[in-house]
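# Fold and geometry: a report
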2 protein chains.
Amino acid sequence: MAQQKATNITWHEATVTVDDREKLLNQKGCVIWFTGLSGSGKSTLANAVEQVLHHQRHHTYVLDGDNVRHGLNKNLGFSPEDREENIRRIGEVAKLFSDAGTIVMTAFISPYRTDRDQARALIAEDRFVEVFVDCPLDVCEERDTKGLYKKARAGEIKEFTGISAPYEPPLEPELTVNTAALSIEECAHAVVETLVKIGLVPAGN
Amino acid sequence: MAQQKATNITWHEATVTVDDREKLLNQKGCVIWFTGLSGSGKSTLANAVEQVLHHQRHHTYVLDGDNVRHGLNKNLGFSPEDREENIRRIGEVAKLFSDAGTIVMTAFISPYRTDRDQARALIAEDRFVEVFVDCPLDVCEERDTKGLYKKARAGEIKEFTGISAPYEPPLEPELTVNTAALSIEECAHAVVETLVKIGLVPAGN
């Protein structure tokens, strides 16, 4: 038994670290946190950034409504407490992914500054990249990709961000992109340039 | 605007898939679910497996009490409902990691068959590898790495698995390893061999 115990201790001391995983992946684990109105283009932009980074052989993952709301957060509704818990869990999962060395992107409205700042506080300072997906409400409403604005205007959805609930734009985001003025490709490249500038991915690969 | 919308659609259709990520990483995303008594060696073994796989340039991550209980699941206690929710969330997060193409390992007692089977049900059939870390209770208690058995015997911890709460061993795990009979290195290699056999990582690299 003594020998067994000693073996255990050795292994414990020699765990694979986040540095090891980052060297393997040739990148820094980080969180790109997209925030903006419904229809502003958060998921579209996250997917576009993922394509660019994947093409450069980076390991990426996108957390969005599709894979989070129906899974991890399926027991949460839209009450204020549930909305807060929703963003809290997303922040914690994003932290785990960044600790794994992955470039993880989150694409949620996340309308409250406090909630976003709590997510930021979980992550090392230079590993959290807040991207404000800025798009005028009327453009988002004209797009109305999911038909939600129509329902919100008809009163079928209560407390809809931008219509009947507030959206608090970031005060000091790492990047603001205007999806009404620029193409998704242009916005995606602006995100990737920001990552290079911060030193999260190598330049020019 | 019409052009912008069309661009959105194009990008949406061309998202990076789990297949793409798996090709990049040269592995299949999967969940290795370690289950066993406290002190059986789950975390130690998961870390040992991670070392072997990392050395083979695989992308891995270990979910355990250290990074989950104090983060994502810090608002959960030890009531039956909270224990169930604890394992449910771990299963959902493991699913996200496997969808990212990562080989994710979970190291939690997870004493109930129902909870483990619910985690299994979330994951594709050939991507969930349940490893029973089998170790006699008296050996776990002799190790008592965290001093928890002593406290449980003294009645300071209620409902402690193996002492005052049940442990339900898996009926058909993909692998059983006996950490009292084999070294951690031997157990780790048995796990990796199982992955190769299932086709989750290439042989002999």
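Scroll up for the structure.
In short, a report on the structure. (Residues numbered from 1 in each chain as written. Chains lettered and ligands numbered in written order. Predicted model: local features only at pLDDT ≥ 70, side-chain atom pairs only at ≥ 80, totals over all residues. Heavy atoms only, no water.)

Turning to the sheet that holds strand S3 (residues 103-107) of chain B, a few remarks are in order. Residues and elements named next belong to chain B. Pairing within the open sheet is parallel, and its 5 strands lie in the order S2-S3-S1-S4-S5. The open sheet terminates on both sides in strands that have one partner only, identified here as strand S2 (60-64) and strand S5 (175-178). Averaged over all pairs of adjacent strands, the angle between their axes in this sheet comes to 20°, without regard to strand direction. The sheet contact formed by S2 and S3 spans 5 bridges and is parallel. Among the inter-strand pairings, Thr60 is bridged to a residue of S3, identified as Ile103. The strands touched by helix H4 (residues 65-72) are S2 and S3; relative to S2, the strand with the most contacts, the crossing angle is about 60°. Packed on one face of the sheet, helix H5 (residues 80-99) meets strand S1 (30-35), S2 and S3 and runs near 150° to S1. (Pairing = 2+ DSSP bridges. Helix = DSSP H or I, 4+ residues; strand = E, 2+ residues; numbered from the N terminus. Axes fitted to C-alpha atoms, helices over the stretch in contact; angles between N-to-C directions. Contact = heavy atoms within 4.5 Å.)

Residues and elements named next belong to chain A. A large share of strand S1 (residues 30-35) lies buried, amounting to 6 of its 6 residues. Neither face of S1 is left uncovered, since the one carrying Cys30, Ile32 and Phe34 and the one carrying Val31, Trp33 and Thr35 both have all their residues buried. The pairing of S1 with strand S3 (residues 103-107) spans 5 bridges and is classified as parallel. The residue bridging Cys30 from the neighbouring strand is Ile103, located in S3. (Buried < 20%, exposed > 50% of the residue type's maximum accessible area, 1.4 Å probe, protein only.)

Residues and elements named next belong to chain A. Across the sheet, 5 strands lie side by side as S2-S3-S1-S4-S5; this open sheet has parallel pairing. Of all strands in the sheet, those with a lone pairing partner are strand S2 (60-64) and strand S5 (175-178), marking the two edges. Strand-to-strand twist of the sheet, defined as the mean angle between neighbouring strand axes without regard to direction, takes the value 20°. On top of the sheet, helix H4 (residues 65-72) reaches S2 and S3; it is set at about 60° to S2, its chief contact.

Quick look at the packing of aromatic side chains now. Considering all chains together, one arrives at 9 aromatic pairs over all chains under this definition. These aromatic residues form a ring-pair network of at least three members: A:Tyr61, A:Phe97, B:Tyr61 and B:Phe97. The ring of A:Phe78 has A:Arg69 lying over it, and the distance from NZ or CZ to the ring centre is 4.3 Å. (Phe/Tyr/Trp six-rings, centres within 6.5 Å; stacked < 30°, edge-to-face > 60°. Lys NZ or Arg CZ within 6 Å of the ring centre and 35° of its normal.)

Let us look at unusual backbone geometry. Residue and element names in this part refer to chain A. Backbone geometry places Arg57, a non-glycine residue, at a positive phi of 65°. Tracing the backbone through its elements, the reader meets Arg57 in the loop between helix H3 (42-55) and S2. Even without being glycine, Asp144 reaches a positive phi, approximately 35°. Following the sequence through the fold, Asp144 ends up in the loop between helix H7 (137-143) and helix H8 (148-153).

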